[in-house]
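Fold and geometry: a report
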Amino acid sequence: MTVFEATCTAPVNIAVVKYWGKRDTSLILPTNSSLSVTLSQDQLHSKTTIRASADFTSDRLWLNGIEESIEKNKRLVACLRETRALRRTQIEDKDPSAPKISNLAIHICSENNFPTAAGLASSASGYACLVYTLSKLFELPLDASDLSIVARQGSGSACRSLFGGFVAWEMGTKEDGSDSKAVQIAPETHWPDLQAMICVVSDEKKGTSSTEGMQLTVKTSALLQHRIKEVVPKRMEDMIAAIHNKDFPKFAELTMQDSNQFHAVCLDTYPPIFYMNDISRAIIRIITEYNKDGVKAAYTFDAGPNAVIYAPKDNMAEIYAILSHYFPNAAFDDSMGLLKETALPSLPKSF
Ligand code: DP6
């Protein structure tokens, strides 16, 4: 019996203009556009193998070696439904000799090469990888932006991991979400001097998930409305210009301001959401002090206490030394390891 198979990897991305809030929770349409940097796959990636066979009796999923239910996972079901429909309309309906893979049950095996405990953006690389691997299995004639529309329905931030380099998720205006997609602002080769360091502050699972947290913010925060309408549109333009000009001080200032506002919006949520802890705030103070005579590094925090620091390559050793000075056990302590990571981004890979 023929078995169809594809294996791919996909990278993690870290936003510098954050996505926070949905205007449509089932299609995953955001309340603002966002922008991220895709990190190198050398250290952090998701890897997925998918097989389709007439011998399989049902769709099954293994995440990091443990079987999970597919039916309960509405977002995964949506990605499968969308890609199977694309296989039918784009290939099987047009070419009667094409194998009817869309009718076969599939087995999905996905793992992250980084500890899930590190609380990094595993849903972004995971869903980007799932959709990219499905597109290879089904031989879909689609580009990365088209695929981002499907990956977005798995996890919003996943749509940005379909590209390397600097990636915007354009919020779009259409109700069906057909224009809410990722586009590449600059390729991975554009700014090789920019690097990222990930500081694992805590490996505890976060208290409030992004999905729950952002909808509570949409419901209760007046500051979010100001952010959506008055701040992000201009910030997106300024960020894109800073990236095109490789203007690090501007890029850094906008990145830190956006992280600060995202966490302010979390605090303005009722009841408030706290993602940063005392160590996160200490890192902000250390970087602020380091930037006293000129901006040399930028911090950003997602929905958890871990810091990502962007800086030019030449500053990284110094930043690492300063952080190691303040947190001497960092490299050895499980609860606060420092992971060094270069931001020479790369595209999803297929094998
Ligand atoms: C703070 O993409 O995890 O990392 O769409 O509900 O799956 P869902 O949320 P998710 O949210 C990411 C939020 C963020 C900011 C960002 O990556 O832009």
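Our subject is the structure that appears above.
Now for a look at the structure at hand. (Residues numbered from 1 in each chain as written. Predicted model: local features only at pLDDT ≥ 70, side-chain atom pairs only at ≥ 80, totals over all residues.)

**Concerning the overall build of the chain**
A tally of helices and strands in the chain yields eight helices and 16 strands. Relative to a compact globule of 351 residues, whose C-alpha radius of gyration would be 20 Å, the chain shows 20 Å and is just as compact. Taken along the three principal axes of its C-alpha coordinates, the chain extends 65 × 45 × 40 Å. Per-residue burial over the chain gives 45% buried out of 351 residues. (Helix = DSSP H or I, 4+ residues; strand = E, 2+ residues; numbered from the N terminus. Rg over C-alpha atoms; globule rule 2.2 N^0.38 Å. Buried ≥ 20, exposed ≤ 12 C-beta atoms within 10 Å, placed from the backbone.)

**Things to note about the site of the ligand**
For the ligand, the set of nearby residues contains 14 residues, the closest of which are Ala15, Tyr19, Ser155, Gly156 and Ser157. A breakdown of the residues in the shell around the ligand according to their chemical character gives five nonpolar, seven polar and two charged. (Near = placed C-beta within 6 Å. Nonpolar A, V, L, I, M, F, W, Y, C, P; charged D, E, K, R; others polar.)

**Considerations on helix H2 (residues 122-137)**
Its 16 residues place the ends of H2 22 Å apart at the C-alpha level, agreeing with the 22 Å of an ideal helix rising 1.5 Å per residue. Of all the 16 residues making up H2, 14 are buried; the element is thus mostly covered by neighbouring parts of the structure. Positioned one or two residues after H2, glutamate 139 has a phi angle of 50°, which is positive. (Expected span 1.5 Å × (residues − 1).)

**Considerations on unusual backbone geometry**
Cis geometry is found at the peptide bond from tyrosine 270 to proline 271, where omega equals -5°. Summarising the element assignment, proline 271 is placed in the loop between helix H6 (248-267) and helix H7 (278-290). Although it is not a glycine, isoleucine 28 sits at a positive phi angle of roughly 55°. Along the chain, isoleucine 28 turns up in the loop between strand E3 (22-24) and strand E4 (29-30). For isoleucine 28, a count of 23 C-beta atoms within 10 Å gives the class buried. With a phi angle near 45°, asparagine 64 is a residue other than glycine that sits in the positive phi range. Following the sequence through the fold, asparagine 64 ends up in the loop between strand E7 (60-63) and strand E8 (66-68).

**A closer look at the sheet that holds strand E5 (residues 34-38)**
In space, the four strands of this open sheet follow the order E2-E5-E10-E11, with antiparallel pairing throughout. Among the strands making up the open sheet, the edge pair consists of strand E2 (13-17) and strand E11 (181-186). Adjacent strand axes in the sheet meet at a mean angle of 35°, parallel and antiparallel pairs treated alike. Of the pairings in the sheet, the one linking strand E10 (residues 166-170) to E11 comprises five bridges and is antiparallel in character. Within E11, the position partnered with glutamate 170 by the bridge is lysine 181. Running at roughly 115° to E2, helix H5 (residues 222-244) makes contact with E2, E5, E10 and E11 of the sheet. (Pairing = 2+ DSSP bridges. Axes fitted to C-alpha atoms, helices over the stretch in contact; angles between N-to-C directions. Contact = placed C-beta atoms within 7 Å.)

**Observations concerning the environment of glutamine 261**
Examined against the element boundaries, glutamine 261 turns out to sit in helix H6. Taking the C-alpha atoms as reference points, glutamine 261 and lysine 18, separated by 243 residues in sequence, lie 9.3 Å from one another. Excluding anything up to four places from it in sequence, glutamine 261 contacts Arg227 and Val231.

**Things to note about the packing of H5 against H6**
Following both chains from N to C, one finds H5 and H6 inclined at 160°, their axes separated by 10 Å at the closest point. With respect to H6, the axis of H5 lies roughly antiparallel. Crossing hand, H5 versus H6: left-handed. The residues of H6 that touch H5, namely those facing Leu223, Leu224, Arg227, Val231, Arg235, Asp238, Met239, Ala242 and Ile243, are Lys250, Phe251, Leu254, Asp258, Gln261, Ala264 and Val265. (Parallel < 35°, antiparallel > 145°, perpendicular 65-115°, else oblique. Left-handed = near helix turned anticlockwise from the far one by under 90°.)

**Some remarks on helix H1 (residues 74-92)**
Along its 19 residues, H1 runs 25 Å from first to last C-alpha, staying within 8% of the 27 Å computed at 1.5 Å per residue. When H1 is considered as a whole, its buried residues turn out to be Leu76, Cys79, Leu80, Thr83, Leu86 and Arg87. Axial view of H1: buried residues confined to an arc of 130°, hence all on one face. Those residues of H1 that are exposed and aimed more than 90 degrees away from the buried face are Lys74, Arg81, Ala85 and Thr89. Where H1 is buried, its residues meet H2 and helix H3 (144-151). (Arc of directions from axis to C-beta.)

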